[in-house]
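Examination of the molecular architecture
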Amino acid sequence: MNSSAPALEIRNLSVGYKNKTVLRDISFSLFPGELVALVGPNGAGKTSLLKTIAGFVAPLSGDIFVSGTSLEGMGKRARARKMAFLFQGASLSWPFTAEELIAQGRFPHRGWFGGEGPRDRRALETAMKESEIGDLAGRNTLELSGGELQRVLIARAIAQEADVFLLDEPVSHLDPRYETAVMKLLRRLTGRDRTALVSLHDLNLAAQYADRVALIASGELLAIGPPAAVLREDLLERAFEFPVRVGAHPDNASVPLVYQPLAPARDGAAR
Ligand SMILES: Nc1ncnc2c1ncn2[C@@H]1O[C@H](COP(=O)(O)OP(=O)(O)OP(=O)(O)O)[C@@H](O)[C@H]1O
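How each quantity is defined
- Residues numbered from 1 in each chain as written.
- Predicted model: local features only at pLDDT ≥ 70, side-chain atom pairs only at ≥ 80, totals over all residues.
- Heavy atoms only, no water.
- Axes fitted to C-alpha atoms, helices over the stretch in contact; angles between N-to-C directions.
- Helix = DSSP H or I, 4+ residues; strand = E, 2+ residues; numbered from the N terminus.
- Parallel < 35°, antiparallel > 145°, perpendicular 65-115°, else oblique.
- Left-handed = near helix turned anticlockwise from the far one by under 90°.
- Contact = heavy atoms within 4.5 Å.
- Nonpolar A, V, L, I, M, F, W, Y, C, P; charged D, E, K, R; others polar.
- Phe/Tyr/Trp six-rings, centres within 6.5 Å; stacked < 30°, edge-to-face > 60°.
- Buried < 20%, exposed > 50% of the residue type's maximum accessible area, 1.4 Å probe, protein only.
- Lys NZ or Arg CZ within 6 Å of the ring centre and 35° of its normal.
- Polar contact = N/O pair within 3.5 Å; in protein donor to acceptor, adjacent residues only side chain to side chain.
- Core = buried A, V, L, I, M, F, W, Y, C linked by side-chain atoms within 4.5 Å.
- Near = heavy atom within 4 Å.
- Pairing = 2+ DSSP bridges.

Naming follows an unreviewed UniProt entry, where the protein appears as ABC transporter ATP-binding protein of Breznakiella homolactica.

Shown next, in the form of structure tokens:
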């Protein structure tokens, strides 16, 4: 158990919409410096949970605290100074340069019409350096590849100087190289006492990069713990209602490797 105060605490939270409860009475905490992967089947409620924590969906009941402060009644800008939220499939409709888009991360601090001060400039430069934006800074964001854009959007979240990052499937549609670049960037980010809750569909990325994994299914938090404690055949089969096997990663036996069993073919070879 981590002895520091939680960066994010979810207490008896129920998540859902009018006439529909998606998650019932869940509680967990994230500690400074942790990267926690949120996994579960389609429709389990990963996006709904992240949106509820970010304040875009009202909780059905329960409490959310960031660094010990309740989010209840907190305004959007105050929330955005504490938490950065990266939406799934964020799309753009305006030809900002990458640098201009990253600078938007400063709006919770200076307002939409406030001028850029030295602190804003410093935060912007730090975010671009940390995210290795380099030559992308002057590029039109409408022309960036999915992987480049994702890095720019993460840089914008860093410029926001929030302690808690909520990221909804930040690596969907990325090829393995960009996927790795984004996951490594998130690891660097949490290396500075920032905390990230990241929804992922790829259980092996969760195994490889997360400190802990939170598994949700059927309206519940089924398990939360180190990857090897959660990415187990029994828990995954219960959650996904599908056969899975869990072995050890060939490069590091302490990292679980999740795969699907192959059906034996008639000629004896697996298919
Ligand atoms: N605005 C909404 N109003 C009503 N129901 C919604 C709304 N948004 C999502 N839902 C429902 O809430 C449930 C959880 O959806 P959510 O998108 O949170 O799941 P998810 O785990 O992120 O799924 P996926 O892995 O497919 O992205 C689904 O049954 C979905 O239809």
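Having put the structure on the table, let's press on.
**Things to note about the packing of helix 5 (residues 118–130) against helix 6 (residues 146–159)**
Their axes nearest at 8 Å, the elements helix 5 and helix 6 cross at an angle of 140 degrees. Comparing their axes, helix 6 and helix 5 come out oblique. Between helix 5 and helix 6 lies a crossing of right-handed hand. Of the residues in helix 6, those in contact with Ala123, Ala127 and Glu130 of helix 5 are Ala155, Ile158 and Ala159. Along the lines of polarity and charge, the residues of the contact of helix 5 with helix 6 split into 5 nonpolar, no polar and 1 charged.

**A word on the packing of aromatic side chains**
The way to describe two aromatic rings as a pair is by their centre distance and the angle between their planes. Applying the stated criterion across every chain yields a total of 3 aromatic pairs. For the ring pair phenylalanine 56 and phenylalanine 85, a centre distance of 5.6 Å and an interplane angle of 40 degrees mean the geometry is tilted. Here phenylalanine 56 is found in the loop between helix 1 (46–54) and strand 4 (61–66), whereas its partner phenylalanine 85 is found in strand 6 (residues 83–86), with 29 residues between them in sequence. For phenylalanine 56, a relative accessible area of 48% gives the class partly exposed. What links up through ring pairs into an aromatic cluster is the set Phe56, Phe85 and Phe87. Over the ring of tyrosine 178 we find arginine 177; its NZ or CZ atom is 5.2 Å from the centre of that ring.

**Some points on the side chain of threonine 141**
Following the sequence through the fold, threonine 141 ends up in the loop between helix 5 and helix 6. For threonine 141, a relative accessible area of 2% translates into the label buried. A distance of 2.7 Å separates the side chain of threonine 141 from the backbone oxygen of phenylalanine 96, its partner in a polar contact.

**Overview of the nonpolar core**
Formed by 57 residues in total, the largest nonpolar core has its most connected members in Ile102 and Leu186. In terms of residues, this core owes the most to one element, helix 6, which gives 8 residues. Sequence-distant contacts of leucine 186, that is, excluding residues within four places in its chain, are made with Leu35, Ile154, Leu167, Pro170 and Val198. With 29 residues, the next largest nonpolar core counts Leu13, Val15, Leu50 and Ile53 among its residues.

**Considerations on the site of the ligand**
Among the 13 residues in the neighbourhood of the ligand, the closest are listed as Asn42, Gly43, Lys46, Thr47 and Ser48. For the ligand, an oxygen atom lies 3.2 Å from a polar atom in the backbone of alanine 44. In this structure, an oxygen atom belonging to the ligand sits 2.9 Å away from a side-chain N or O atom of threonine 47. For the shell around the ligand, the secondary-structure elements that each account for two or more residues are strand 2 (20–30) and helix 1. Sorting elements by how many residues they give to the shell around the ligand places helix 1 first, with 3 residues. Its residues assigned to classes, the shell around the ligand comprises 4 nonpolar, 6 polar and 3 charged.

**Some details on the sheet that holds strand 2**
Think of a sheet as strands paired side by side through backbone hydrogen bonds, with each pair either parallel or antiparallel. If you trace the 4 strands from one edge of the open sheet to the other, you get 2-1-4-5, paired in antiparallel fashion. On the outer flanks of this sheet lie strand 2 and strand 5 (69–70), each paired with one strand and no other. Two strands pair when backbone bridges link them, and strand 4 and strand 5 are joined in this way by 2 bridges, in the antiparallel orientation. Across the sheet, the residue bridging to valine 66 is threonine 69, located in strand 5. Where helix 1 meets the sheet, its contacts fall on strand 1 (8–17), strand 2 and strand 4, and the angle it forms with strand 1 comes to roughly 120 degrees.

**A short note on the pairing of strand 12 (residues 252–259)**
Strand direction decides the pairing type here: strand 11 (residues 245–249) and strand 12, joined by 5 bridges, are antiparallel. Paired with histidine 249 across the two strands is asparagine 252, which belongs to strand 12.

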